[in-house]
Amino acid sequence: MKIIIDTDPGQDDALTILLSVISEEIDLLGVTTVSGNVSVAQATENALQTLDLAGRPDIPVHAGADRPLLRAPVNAMHVHGRTGFEGADLPPASRRATPGHAVDFIIDTVMQHPPQDITVCAIGPMTNLALALAREPELRTRIGRIVSMSGAFSEVGNITPSAEFNIYVDPHAAEIVLASGIPLVMMPLDLTHKLHTSAERLARFRAIPNRVGPVVADWLTFEKRFEATKYGTDGGPLHDPNTVLWLLRPDLYQGRDVSVRVETGSELTMGMTVVDWWQITDHPRNVHFIREADVPALYDVITERLARF
Ligand code: RIB
Ligand code: CA
């Protein structure tokens with residue numbers, strides 16, 4: 001599977017990149033970065049450091065949008081730390097970003113491959129994807145699939161009472177992507193909040209006898225301090241890796257094709273994903289919305305793959 005990861009690293013984004021690189025089923029063609037958890041400059045540095053850690057400084061990293069389409073940037077430093085990468089001390093990246101804008105990389109890569117050949121893992125605000133669709137409308141029929149960590153149904157919101165962060169930061173971009181007609185698999189908070197980064201699970205990562213396992217344990221230990229306190233759980237949610245994990249083991253997930261639309265008018269519910277789970281309306285069922293997974297098996301997969309480094 002040929003993929004592009006569009007991302008705002010963030011510790012959970014970094015684990016997603018690591019899992020894609022170490023899995024022979026996946027060919028990571030490139031990473032594109034976007035303003036989200038942290039600035040696009042910081043997100044780009046973090047993506048470069050992640051690929052150094054993975055021993056893959058050959059994989060291109062293209063910087064993208066430095067703000068949402070219309071709204072002012074919103075960050076998540078309260079969760080991920082000032083650098084978005086707190087928890088582990090990695091050396092500065094060994095290289096600078098690959099020349100060329102993220103949007104051009106997405107367009108050129110998709111258009112240079114056969115139709116439907118490329119999957120995009122969208123694990124940050126969808127600004128780059130929306131810009132790419134506006135610049136090259138053919139992407140609507142050329143991108144094979146988007147697998148996105150975003151949105152929520154009954155879990156409702158994390159950055160506001162009604163909206164999930166990736167959608168909230170750029171709801172207009174999300175609206176464009178959700179209306180594009182591209183097959184879209186959504187990994188919402190309803191799912192990610194079931195994958196607690198418990199002490200036992202992080203201890204398994206830490207015990208992996210290589211450099212990567214302990215770094216991931218350190219990252220997720222930092223990230224959980226805020227979310228475990230907020231939710232009163234043993235560990236925080238594990239968000240972005242569900243996208244690559246679904247590509248590797250779709251059998252471990254369960255979902256339903258439903259209509260998902262985004263609030264872009266009301267400030268009260270800005271960025272809310274309105275999920276027609278009970279199919280009350282006849283709106284197009286534009287999303288395969290995942291709500292359940294075999295969580296112990298997923299943590300076995302993560303542990304086994306990290307041990308391959
Ligand atoms: O709401 C969770 C999402 O916001 C994840 O992608 C996390 O990395 C942050 O970007
Ligand atoms: Ca992210």
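The model shown is predicted, which means the values in this text are computed figures rather than measured ones.

### Things to note about the side chain of Thr197
Part 1 of the reasoning: With respect to the element layout, Thr197 can be found in the loop between α9 (189–192) and α10 (199–206).
Part 2 of the reasoning: The class of Thr197 is buried, set by a relative accessible area of 2%.
Part 3 of the reasoning: Residue contacts for Thr197: discarding those within four places in its chain leaves Leu202, Leu220, Lys224, Asp234, Gly235, Gly236, Pro237, Leu238 and Tyr299.

### Digging into the packing of aromatic side chains
Part 1 of the reasoning: Evaluated as defined, the whole model comprises 4 aromatic pairs.
Part 2 of the reasoning: For the pair Phe85 and Trp219, a centre-to-centre distance of 4.7 Å together with 45 degrees between the ring planes defines the contact as tilted. Remark: Trp219 occurs in helix α11 (residues 212–231) and Phe85 occurs in the loop between α3 (77–80) and α4 (102–112); sequence separation between them is 134 residues.
Part 3 of the reasoning: We classify Phe85 as buried; its relative accessible area is 4%.
Part 4 of the reasoning: Considering the side-chain rings of Phe205 and Tyr299, the 6.0 Å spacing of their centres and the 25 degrees angle between planes classify their relative orientation as stacked.

### Considering the packing of helix α5 (residues 127–135) against helix α8 (residues 171–178)
Part 1 of the reasoning: The interhelical angle for the contact between α5 and α8, taken along N-to-C directions, is 55 degrees, at an axis separation of 8 Å. The orientation of α5 relative to α8 falls into the category oblique. By crossing handedness, the relation of α5 to α8 is classed as left-handed. For the pair α5 and α8, contact is made by Thr127, Leu129, Ala130 and Leu133 and by Ala173, Ile176 and Val177, respectively.
Part 2 of the reasoning: Counted by class, the contact of α5 with α8 contains 6 nonpolar, 1 polar and no charged residues.

### Notes on the coordination of the calcium ion (ligand 2)
Coordination angles at a metal have ideal targets, namely 109.5 degrees for four tetrahedral donors and 90 or 180 degrees for six octahedral donors.
Part 1 of the reasoning: Looking at the metal site, the calcium ion (ligand 2) is ligated by Asp8 (OD), Asp13 (OD), Asp13 (OD), Ile123 (O) and Asp240 (OD), spaced 2.2 to 2.7 Å from it.
Part 2 of the reasoning: Written as a sequence motif, the donor residues of the calcium ion (ligand 2) are D-x4-D-x109-I-x116-D. Placement of the pair is Ile123 in the loop between β4 (118–122) and α5 and Asp240 in the loop between α11 and α12 (241–248), with a sequence separation of 117 residues.
Part 3 of the reasoning: Residue classification places Ile123 among the buried residues on the basis of a relative accessible area of 0%.

### Side note on the pairing of strand β6 (residues 184–187)
Part 1 of the reasoning: Alternating residues of β6 divide into Leu184 and Met186 and Val185 and Met187, and every residue in both groups is buried.
Part 2 of the reasoning: Where strand β5 (residues 145–149) and β6 come together, 4 bridges link them in parallel fashion. Residue Ile146 lies in a different strand from β6, and its bridge partner there is Leu184.
Part 3 of the reasoning: By the bridge criterion, 3 bridges tie β6 to strand β10 (residues 287–293) in an arrangement that is parallel.

### Regarding the nonpolar core
Part 1 of the reasoning: Core analysis: the biggest nonpolar cluster contains 58 residues, and Leu28, Phe205, Val216, Trp219, Tyr253, Ile302 and Leu306 have the highest contact counts within it.
Part 2 of the reasoning: Residue contributions to this core peak at 7 residues, all from helix α13 (residues 295–306).
Part 3 of the reasoning: When sequence neighbours within four positions are dropped, the list of residues in contact with Trp219 reads Gln11, Ala14, Leu18, Thr50, Leu53, Phe85, Glu86, Ala88 and Leu90.
Part 4 of the reasoning: In terms of nonpolar packing, the next biggest core, distinct from the first, is built from 33 residues, Phe105, Ala174, Leu178 and Val262 among them.

### A short note on the sheet that holds β10
Backbone hydrogen bonds hold the strands of a sheet together, and the pairing may be parallel or antiparallel.
Part 1 of the reasoning: Sheet architecture is open: 8 strands sit in the order β3-β2-β1-β4-β5-β6-β10-β7, paired in mixed fashion. Edge positions in the open sheet fall to β3 (61–63) and β7 (253–258), since each of these has one partner strand only. If you compare each strand with its neighbour and ignore which way they point, the axes differ by 20 degrees on average.
Part 2 of the reasoning: Here 6 bridges tie strand β1 (residues 2–7) to strand β2 (residues 27–33), and the two strands are oriented parallel to one another. Looking at β2, one finds that Lys2 is bridged to Asp27.
Part 3 of the reasoning: Where helix α2 (residues 40–53) meets the sheet, it contacts β2 and β3, and its direction lies at approximately 155 degrees from that of β2.
Part 4 of the reasoning: Packing of α4 onto the sheet brings it into contact with β1, β2, β3 and β4, and relative to β2 it is tilted by some 155 degrees.

### Some remarks on the environment of Thr127
Part 1 of the reasoning: Examined against the element boundaries, Thr127 turns out to sit in helix α5.
Part 2 of the reasoning: Taking the C-alpha atoms as reference, Thr127 lies 8.5 Å from Gly64; in sequence the two are 63 residues apart.
Part 3 of the reasoning: If near-sequence neighbours (up to four positions away) are discounted, Thr127 is found in contact with Val34, Ala65, Arg67, Pro68, Leu69, Asp170 and Ala173.

### Observations concerning the site of ligand 1
Part 1 of the reasoning: Taken together, 13 residues lie near ligand 1, and Asp12, Asp13, Asn158, Glu164 and Asp240 sit nearest.
Part 2 of the reasoning: Elements supplying a minimum of two residues to the shell around ligand 1: α1 (11–22) and α7 (165–169).

### Topic: the pattern of salt bridges
Part 1 of the reasoning: Taken as a whole and judged by the stated rule, the model has 15 salt bridges.
Part 2 of the reasoning: We note a salt bridge from Arg305 to Glu25, for which the minimum N-O separation is 2.8 Å. Within this pair, whereas Arg305 is found in helix α13, its partner Glu25 is found in the loop between α1 and β2, the two being separated by 280 residues in sequence.
Part 3 of the reasoning: Here Asp251 and Arg249 are joined by a salt bridge, their closest N and O atoms 2.7 Å apart.
Part 4 of the reasoning: For Arg249, a relative accessible area of 32% translates into the label partly exposed.
Part 5 of the reasoning: Look at the salt bridges and you will find they share partners, linking Glu24, Glu25, Glu304, Arg305 and Arg308 into a network.

Reading guide: rules and limits
Residues numbered from 1 in each chain as written. Chains lettered and ligands numbered in written order. Predicted model: local features only at pLDDT ≥ 70, side-chain atom pairs only at ≥ 80, totals over all residues. Heavy atoms only, no water. Helix = DSSP H or I, 4+ residues; strand = E, 2+ residues; numbered from the N terminus. Buried < 20%, exposed > 50% of the residue type's maximum accessible area, 1.4 Å probe, protein only. Contact = heavy atoms within 4.5 Å. Phe/Tyr/Trp six-rings, centres within 6.5 Å; stacked < 30°, edge-to-face > 60°. Axes fitted to C-alpha atoms, helices over the stretch in contact; angles between N-to-C directions. Parallel < 35°, antiparallel > 145°, perpendicular 65-115°, else oblique. Left-handed = near helix turned anticlockwise from the far one by under 90°. Nonpolar A, V, L, I, M, F, W, Y, C, P; charged D, E, K, R; others polar. Donors = N, O, S within 2.8 Å, 3.2 Å for Na, K, Ca; no water. Pairing = 2+ DSSP bridges. Core = buried A, V, L, I, M, F, W, Y, C linked by side-chain atoms within 4.5 Å. Near = heavy atom within 4 Å. Salt bridge = Lys/Arg side-chain N within 4 Å of Asp/Glu carboxyl O.

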